[in-house]
Amino acid sequence: MQNGLMFNGDSFSHGQIQSKVWLCKELERFVHANIKIAILGSWYNLVAFMLLTRNADRYQHILGIDIDPEVEPIADKITEAWRIGKDYKVENTIADANLVNLAGYDLVINCSPEHMESNDWFENLEYGTMVCIQSSDVQTADDDVWKCVNSNESLEDLVLKYPLSKYLYSGEKEIRYSEDNGYKRFMLIGIK
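To start, this report covers the structure provided alongside it. Just so it is clear, the structure is predicted and the values come from calculations on it, not from any experiment. Every chain is numbered independently, its residues counted from 1 as its sequence is written. Reporting of local features is limited, given that this is a predicted model, to residues whose pLDDT is at least 70; pairs of side-chain atoms are given and counted only at 80 or more, and all residues count toward the totals for whole chains, interfaces and linings. The basis for every side-chain value is the complete set of non-hydrogen atoms in the structure, without hydrogens or water.

## Points about the pattern of salt bridges
Let me state the cut-off plainly: Any Lys or Arg side-chain nitrogen located within 4 Å of an Asp or Glu carboxyl oxygen qualifies as a salt bridge. Any residue under 20% of the maximum accessible area for its type is buried, any over 50% is exposed, and the rest in between are partly exposed; the area is computed with a 1.4 Å probe on protein chains only. Under the DSSP-based scheme used, a helix requires at least four consecutive residues in state H or I and a strand at least two consecutive residues in state E, with every element numbered from the N terminus.
According to the stated counting rule, one finds seven salt bridges in the structure shown. Note that Glu 26 and Arg 29 form a salt bridge whose closest N and O atoms lie 3.1 Å from each other. Overall, the relative accessible area of 17% leaves Glu 26 in the buried class. Glu 28 is the partner of Arg 54 in a salt bridge, and the nearest nitrogen-oxygen pair spans 2.8 Å. Pair noted here: Arg 54 is in helix 2 (residues 46–55) and Glu 28 is in the loop between helix 1 (14–27) and strand 1 (35–40), with a separation of 26 residues, a long-range link. A relative accessible area of 41% means that Arg 54 is categorised as partly exposed.

## Considerations on the packing of aromatic side chains
To be explicit about the condition: Two rings belonging to Phe, Tyr or Trp (six-membered ring only in the last case) form a pair when the distance between their centres is within 6.5 Å. Interplanar angles under 30 degrees mark stacking, angles over 60 mark edge-to-face geometry, and anything in between is tilted. Sitting over a ring, as applied to charges here, requires NZ of Lys or CZ of Arg to be within 6 Å of the ring centre and within 35 degrees of the ring normal.
Counting across every chain of the model gives six aromatic pairs. Residues Trp 43 and Tyr 44 carry aromatic rings whose centres are separated by 5.4 Å and whose planes lie at 20 degrees to one another, so their mutual orientation is stacked. When the centroid spacing of 5.4 Å and the interplanar angle of 40 degrees are considered together, the rings of Trp 121 and Tyr 162 count as tilted. Here the residue Trp 121 occupies a position in helix 4 (residues 120–123), and Tyr 162 occupies one in the loop between helix 5 (155–161) and strand 6 (166–178), the gap between them amounting to 41 residues. Judged by relative accessible area, which is 1%, Trp 121 ranks as buried. Taken together, Trp 121, Phe 122 and Tyr 162 form an aromatic cluster joined through their ring pairs. Of note, Lys 192 hangs over the ring of Phe 122, and the distance from its end group to the ring centre comes to 4.9 Å. The ring of Tyr 127 has Lys 192 lying over it, and the distance from NZ or CZ to the ring centre is 4.8 Å.

## Some details on unusual backbone geometry
Keep in mind that most residues, glycine aside, have a negative phi and that most peptide bonds are trans. At Trp 43, a position not held by glycine, the phi torsion is positive, near 55 degrees. Of the residues examined, Trp 43 reaches a relative accessible area of 18% and is grouped as buried. For Asn 45, which is not glycine, the phi torsion reads 55 degrees and is therefore positive. Note on placement: Asn 45 falls in the loop between strand 1 and helix 2.

## Points about the side chain of Lys 20
Going by this rule: Charged residues are defined here as Lys and Arg on the positive side and Asp and Glu on the negative side; His and the ends of the chain fall outside this count. Any two residues whose heavy atoms approach within 4.5 Å at even a single point are treated as in contact.
Along the chain, the position of Lys 20 falls in helix 1. It is Glu 114 that comes nearest to the buried, bridge-free Lys 20 among opposite-charge side chains, at 8.9 Å. Among residues more than four places away in sequence, those in contact with Lys 20 are Leu 46, Val 47 and Met 50.

## Comments concerning the pairing of strand 7 (residues 181–191)
Going by this rule: At least two DSSP bridges between two strands are needed for those strands to be called paired.
Across seven bridges, the pairing between strand 5 (residues 130–136) and strand 7 is antiparallel. Across the sheet, Gln 134 pairs through a bridge with Met 187, a residue of strand 7. Where strand 6 and strand 7 come together, 11 bridges link them in antiparallel fashion. Directly across from Tyr 167, in strand 7, lies its bridge partner Gly 190. Between the antiparallel neighbours strand 6 and strand 7 lie two residues.

Here it is in structure tokens:
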């Protein structure tokens, strides 16, 4: 807890960081300079932090969108280096990703679709928008804190749920904590 804010350290867990490093490495092969990015379900916006740490000059603006009002002050603190003065590149906001107009963004990233009951966010994207979608096969009980209500059993399931007109990358990554404990992450990069 810092300044009365509750911080969930799981955002820096092995699986979270491995997934985001994988996203950055693959995505950087396809993004051009000076792009505008919207990150849906951004939580503490570690994706923006990692992208900007790796190459701040590549990105014009990054908008982090999350529905939980408690995460915004922490996301602001984590991305503070890019929120002050002439280096202002990050904005964190509280909103329902299914209702936000994302016109004008070159790239939309969603690493949390398994936590979103609706796929309206995807349906609302303009054709021709570049997307990066990362999901998992994690399934939880209704009362679980993670509330995985829209998980994917396989990469093929993710492809069927989010059809793209052009695929730049598709893959899966095994996240292992022990021989009997782990899950799979799936990722698509392409054009809607």
